[in-house]
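Spelled out from the first residue to the last, the chains are:
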Amino acid sequence: MFYLLGIFLAIVSTITDLIGKQLVRYSALLEQRGAFARARSSLIAGIVVSAVAGPLLDLGAYAVAPASLLAPFASMDVIWNAGLAPWLLNEKLTRPRCMAIVLVFIGTLIAGICGPRDDRLYTYESAEELVVSMRTPIYLAVLFGGIAFSTMVLSRRPTGDPMRGIALGLLAGSLSGNMFCVKLLMELVQISYRDSWESVWTNWLPYPLLLGAVFFAVSNLVFLTKGLREYQALFMVTVFEGAGMVTNAISASVILLECDNMEWWRVFLYAFGLCTICFGMLVLCKNEFKALEEENLQDDISFSPREGEDAKDLGLGAGLEEGNLEEQSVTENSPKSKFSLSL
C-alpha cells in the first residue's frame, strides 16, 4: 500500500509546482505594469518553489511507487491551473478548457487505477543492468534529437508565435518528464540503507544518475520560465504537463520495464487513460492556439482614435490613398484651413 503514499506525494508535488508556475507567470504580468521590484521577487520565489519544493516531494513519491504509476498524476497540474488561473491571473475559463479538465480527470483516474502498483525490489545489479541496456542510449538519442529539433524551431520563431510557445512547452516537459534517474537513484539510496553504504556508493552508477536527475530538474526550468513569461499559463502549463507525462510514462516503460509484468488488459486500459489525458490536453492546447492567433490578429488590425500629431504618427489616415494623403497634408499646412483628422 506504499504506492498510495507515493500518489499522495505526487499530487501535493503538482500543487507546489503549480504555485511556482503561477508566480513565474505573475512576475511577467507585474513587469508589464512596471512593478519591476515585485516582479523580480515573484520570479525568484517561483523558481525556488519549482526547483526545491516540487523535486523534494518527487523524491519521496518515487521512492515508494513505480514511475509509470505516478506519471499520469502529473496531469493534475492542468486541473489546478485551469481552476486558479482565471482567479489569480484573470485568464478566462472557457468551455473547451472545462471539457479538457474533465478529460484529464477521467484519464488520470483510469491510468491511476490500472497502472502498475507493486514496486519491484531492486538490487544494485538489476539497476545497473537497466542502465547499461541498449534501450537506454537509443531512448536518450531520440530524446535529445527531439530537443535539438525543438531548439531549432525556437531559434526561427519570434516571441508570441504559437509554434514558439509549443516548442518551449515541449522542451521543458520532455526534460522534466525523465524521472527514471530519480527513481533509480532513490532505489540505490534504499539499497545502501538496507545493505551497506559501500555496496552502492563505491561503484560508478549513482553518480551519473545524480547528475542526470539534477540536469533534468534544472534544465527544464530555463525553458519553462521563458515560456511562462511569454505565454498564458493555461496554454504553457498544458503543453508542459502533456509532454512531461508522456515522457515519464515512456521512460518508465522503456528503461525501467515497469509494464512488463502487467496483464494485457491493464496495459491497454493504462494506455487508454494516457491517451485520454493527451486528448484532453490536445483540446485545451488547440483552443489556446486558436485564441492566441485571434488575439494576435486583433492586435494587428485594431487601433485607437487619435487626433492632431497622433494622427500624423499613424500616417495621416492610414486608410487613404497616397494622393489623398498629399492633398490632406497641403490643405493642413495652409493658413486658411484648420482642421484635425480623426482616425
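The residue count restarts for each chain, going from 1 along the sequence in the order it is written. Only residues with pLDDT of at least 70 are given local features in this predicted model, and only at 80 or more are side-chain atom pairs given and counted; all residues enter the totals for whole chains, interfaces and linings. Hydrogens and water molecules were not included; the side-chain quantities draw on all heavy atoms of the structure.

1. Looking at the overall build of the protein
Reasoning step 1: Secondary structure follows DSSP: runs of H or I at least 4 residues long count as helices, runs of E at least 2 residues long count as strands, and numbering of each begins at the N terminus. Looking only at helices and strands, the protein has 15 helices and zero strands in total.
Reasoning step 2: When each of the 343 residues of the protein is scored for burial, the buried share is 45%.
Reasoning step 3: Between two residues, a contact is recorded if the distance between any of their heavy atoms is within 4.5 Å. Of all intrachain contacts in the protein linking residues separated by at least 6 positions in sequence, the fraction that spans at least 24 positions is 82%.
Reasoning step 4: For the protein, the exposed area adds up to about 17,800 Å²; of that, 66% sits on carbon and sulfur atoms. Think of it in three bands: with a 1.4 Å probe and only protein chains considered, a residue is buried below 20% of the maximum accessible area for its type, exposed above 50%, and partly exposed in between. Using the Shrake-Rupley algorithm and a 1.4 Å probe, accessible areas are obtained, with residue cover drawn only from the displayed protein chains.

2. Considerations on helix 5 (residues 95–114)
Since the α-helix advances by 3.6 residues per turn, residues separated by three or four positions end up pointing in the same direction.
Reasoning step 1: What a helix should span is 1.5 Å times the count of its residues minus one. Taking 1.5 Å per residue, 20 residues should reach 28 Å; helix 5 reaches 29 Å between its end C-alpha atoms and fits that length.
Reasoning step 2: Listing the buried residues of helix 5 in full gives Arg97, Ala100, Ile101, Leu103, Val104, Gly107, Thr108, Ala111, Gly112 and Cys114.

3. Some thoughts on helix 9 (residues 180–194)
Reasoning step 1: Its 15 residues place the ends of helix 9 21 Å apart at the C-alpha level, agreeing with the 21 Å of an ideal helix rising 1.5 Å per residue.
Reasoning step 2: Within helix 9, burial applies to Phe180, Cys181, Val182, Lys183, Leu184, Leu185, Met186, Glu187, Leu188, Ile191 and Ser192.

4. Let's talk about the nonpolar core
Reasoning step 1: We define the nonpolar core as a collection of buried residues of types Ala, Val, Leu, Ile, Met, Phe, Trp, Tyr and Cys that are connected through side-chain atoms lying within 4.5 Å of one another. Leu188 and Leu256 are the most contacted members of the largest nonpolar core, which has 58 residues in total.
Reasoning step 2: For this core, the element with the highest residue contribution is helix 9, accounting for eight residues.
Reasoning step 3: The start and end points of each domain follow an automatic or database-based domain assignment. Two domains each provide a minimum of three residues to this core, namely domain 1 (1–65) and domain 2 (69–297).
Reasoning step 4: Not counting residues within four places of it along the chain, the set of residues in contact with Leu188 comprises Tyr124, Ala127, Val200, Leu205, Pro206 and Leu209.
Reasoning step 5: In terms of nonpolar packing, the next biggest core, distinct from the first, is built from 20 residues, Ala71, Ala111, Met281 and Leu284 among them.

5. Comments concerning the confidence of the model for the protein
Reasoning step 1: The predictor reports its confidence for every residue as pLDDT, a score running from 0 up to 100. On average, residues of the protein score 81 in pLDDT, and 86% of them reach the 70 mark or higher.
Reasoning step 2: Across the protein, the secondary-structure element scoring lowest on mean pLDDT is helix 14 (residues 309–313), at 41, and the one scoring highest is helix 6 (residues 124–132), at 94.
Reasoning step 3: Every residue in residues 303–343 scores below 50 in pLDDT, and together they form 31 contacts with partners more than four places removed in sequence or on other chains.

6. Focus: the environment of Leu18
Reasoning step 1: Along the chain, the position of Leu18 falls in helix 1 (residues 2–33).
Reasoning step 2: Put simply, Leu18 and Leu84 are 66 residues apart on the chain and 9.3 Å apart in space, counted from C-alpha to C-alpha.
Reasoning step 3: Excluding residues that lie within four positions of it along the chain, Leu18 makes contacts with Asp77, Trp80, Asn81 and Leu84.

7. Topic: the packing of helix 2 (residues 36–64) against helix 11 (residues 206–230)
Reasoning step 1: Orientation is described by axes fitted as lines to C-alpha atoms, over the contacting stretch for helices, and by angles from 0 to 180 degrees between their N-to-C directions. For the pair helix 2 and helix 11, interaxial distance at closest approach is 12 Å and the crossing angle is 140 degrees. Taken together, helix 2 and helix 11 sit at an angle that is classed as oblique. Both helix 2 and helix 11 take part in a crossing whose hand is right-handed. From helix 2, Leu43, Ile47, Ser50 and Ala51 reach across to helix 11, where they touch Leu221, Thr225 and Arg229. For classification purposes, angles smaller than 35 degrees are called roughly parallel, those larger than 145 roughly antiparallel, those between 65 and 115 roughly perpendicular, and all remaining angles oblique. Here a crossing is taken to be left-handed if its near helix is turned anticlockwise relative to the far helix by less than a right angle, and right-handed if that turn runs clockwise.

8. A look at the side chain of Gln22
Reasoning step 1: Summarising the element assignment, Gln22 is placed in helix 1.
Reasoning step 2: What Gln22 contacts, discounting residues up to four positions off in sequence, is Asn81, Leu84, Ala85, Leu88 and Leu89.

9. Notes on the pattern of salt bridges
Reasoning step 1: Salt bridge, as applied in this entry: a Lys or Arg side-chain nitrogen positioned within 4 Å of an Asp or Glu carboxyl oxygen. Applying the stated criterion across every chain, the model contains seven salt bridges.
Reasoning step 2: Here Glu31 ties to Arg229 by a salt bridge, and the two come within 2.6 Å at their closest N and O atoms. Taken together, the positions of Glu31 in helix 1 and Arg229 in helix 11 put the pair 198 residues apart, joining distant regions of the chain.
Reasoning step 3: One salt bridge in this structure joins Glu263 and Arg266, with 3.5 Å as the shortest N-O distance.
Reasoning step 4: The exposure class of Glu263 is partly exposed, given its relative accessible area of 38%.

10. Digging into the side chain of Arg25
Reasoning step 1: The topology assignment puts Arg25 in helix 1.
Reasoning step 2: For Arg25, a relative accessible area of 8% translates into the label buried.
Reasoning step 3: As used in this structure description, the phrase polar contact means that two N or O atoms lie within 3.5 Å; if the pair is within protein, one of them must be able to donate a hydrogen and the other to accept it, and residues adjacent in sequence are counted only when both atoms belong to side chains. Separated by 3.1 Å, the side chain of Arg25 and the backbone oxygen of Tyr231 make a polar contact.
Reasoning step 4: The residues touching Arg25, leaving out its near neighbours within four places in the chain, are Leu89, Glu91, Leu228, Arg229, Glu230, Tyr231, Gln232 and Ala233.

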